[in-house]
Amino acid sequence: GNHVLQKCINTMQPESLQFIVDAFTHRNRLVVQAAKHRYGCRIVQRLLKACPPAQVSEITQTLVEATSTLACHMFGHYVVQHLLQFGTEEQRHHLVRCIEQNAVSIGHSTVGGSVVMTALTHAPSEDKAWIARAFAQDPQVLLTLAQDRCGHAGVLAMMSVLQDRGDQHIRANLAQRLDTLRESRFGRVIAKRMDEFDAK
């Protein structure tokens, strides 16, 4: 069924895909369940990309409301990242606010680093600063992200965003944990960058 639906989405006109949109909207939170499925998350992403925003507005609204859960899910986070990249400005605004408000749970999740990095890549400049400040509030979350394959790139981006605004919170928090950072592969990247900052 998965391959048939993906084939339909790839080859049919948006108006002909309404039956899939209807299936997702008529059953309560079915689209959230699909977003958490190994293959369902691909169908949701392709549908969002194939259809105009107005056609899938109810679907995207349901997904945005579930961001705090999906952003921490092994498959759901792909859908959140898709919305951050291709969603409307309003959807991106709501996603960023949710990431801010759930910085601790997202930062500690195994896939949170990818979501944070995508948000920092595609959010407007001021929203990037709000995201960075939210994560700067919790030193343990910063440390978790700094030692993560995807998360460490997000920490580097947050350091840069706040550095440009004269805000040293992230560097100050991580400076107290340099020994721990140097014990991990990705943490060493952060430690090296901090040493470079200090050498300037």
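Procedures and definitions
- Residues numbered from 1 in each chain as written.
- Predicted model: local features only at pLDDT ≥ 70, side-chain atom pairs only at ≥ 80, totals over all residues.
- Heavy atoms only, no water.
- Axes fitted to C-alpha atoms, helices over the stretch in contact; angles between N-to-C directions.
- Helix = DSSP H or I, 4+ residues; strand = E, 2+ residues; numbered from the N terminus.
- Left-handed = near helix turned anticlockwise from the far one by under 90°.
- Contact = heavy atoms within 4.5 Å.
- Nonpolar A, V, L, I, M, F, W, Y, C, P; charged D, E, K, R; others polar.
- Salt bridge = Lys/Arg side-chain N within 4 Å of Asp/Glu carboxyl O.
- Buried < 20%, exposed > 50% of the residue type's maximum accessible area, 1.4 Å probe, protein only.
- Parallel < 35°, antiparallel > 145°, perpendicular 65-115°, else oblique.
- Core = buried A, V, L, I, M, F, W, Y, C linked by side-chain atoms within 4.5 Å.
- pLDDT = per-residue confidence, 0-100.
- Phe/Tyr/Trp six-rings, centres within 6.5 Å; stacked < 30°, edge-to-face > 60°.
- Lys NZ or Arg CZ within 6 Å of the ring centre and 35° of its normal.

### Observations concerning the packing of helix H10 (residues 112-122) against helix H13 (residues 151-163)
Relative to each other, H10 and H13 sit at 35°, their axes nearing to 7 Å. In terms of crossing hand, the pair formed by H10 and H13 is left-handed. Between H10 and H13, the residues in contact are Gly113, Val116, Met117 and Leu120 and Gly151, Ala153, Gly154, Ala157 and Met158, respectively. Here the residues of the contact of H10 with H13 are counted per class, giving 6 nonpolar, 3 polar and no charged.

### Re the pattern of salt bridges
Note that side chains of opposite charge can pair when their charged atoms are close. Summed over the entire model, instances satisfying the criterion amount to 5 salt bridges. Here Arg97 makes a salt bridge to Glu100, at a shortest N to O gap of 2.6 Å. You can see Arg97 and its partner Glu100 sitting in helix H8 (residues 89-101), 3 residues apart, about one turn around the helix. Across this residue pair, the class does not change: Arg97 and Glu100 are buried. The partner of Arg165 in a salt bridge is Glu126, and the shortest N-O contact between them spans 3.7 Å. Residue Arg165 is located in the loop between H13 and helix H14 (169-175), and its partner Glu126 is located in helix H11 (residues 125-136); the two are separated by 39 residues in the primary sequence. Judged by relative accessible area, which is 33%, Arg165 ranks as partly exposed. Salt bridges here are not isolated pairs; linked through shared partners, they connect Arg97, Glu100 and Asp127.

### Considerations on the packing of helix H1 (residues 2-11) against helix H4 (residues 40-50)
For the pair H1 and H4, the least separation of the axes is 10 Å and the interaxial angle reads 10°. Here H1 is positioned roughly parallel relative to H4, judged by the angle of their axes. Between H1 and H4, the contacting residues are Asn2, Leu5, Gln6, Ile9 and Asn10 on the first element and Arg42, Ile43, Arg46, Leu47 and Ala50 on the second. A per-class count over the contact of H1 with H4 returns 5 nonpolar, 3 polar and 2 charged.

### Let's talk about the side chain of Asp127
Considering the arrangement of structural elements, one finds Asp127 in helix H11. The class for Asp127 is buried, based on a relative accessible area of 11%. Dropping the residues within four chain positions of it, Asp127 is found in contact with Val96 and Arg97.

### Digging into the nonpolar core
Core analysis: the biggest nonpolar cluster contains 64 residues, and Phe24, Leu47, Leu63, Phe135 and Met158 have the highest contact counts within it. Setting aside residues up to four positions removed in sequence, Met158 forms contacts with Val116, Leu120, Ile131, Ala132, Phe135, Leu142, Leu145 and Ile170.

### Some points on the confidence of the model for the protein chain
With 98% of its residues at a pLDDT of 70 or more, the protein chain shows a mean pLDDT of 92. Across the protein chain, element-level confidence peaks in helix H7 (residues 76-86) with a mean pLDDT of 97 and bottoms out in H1 with 80.

### Digging into H10
Count 3.6 residues to each turn of an α-helix, and residues three or four apart come out pointing the same way. The buried count for H10 comes to 8 of 11 residues, which makes it a mostly enclosed element. Of all the positions in H10, only Gly112, Gly113, Ser114, Val115, Val116, Thr118, Ala119 and Leu120 are classed as buried. Against H7, H8, helix H9 (103-108), H11, helix H12 (139-146) and H13 lie the buried residues of H10.

### Examining the packing of aromatic side chains
For the coordinates displayed, the defined rule picks out 0 aromatic pairs. For Lys49, the ring lying beneath its charged end belongs to Phe86, and the centroid distance is 4.8 Å. In this structure, Arg133 is placed above the aromatic ring of Trp130, and the distance from its NZ or CZ to the ring centre is 5.8 Å.

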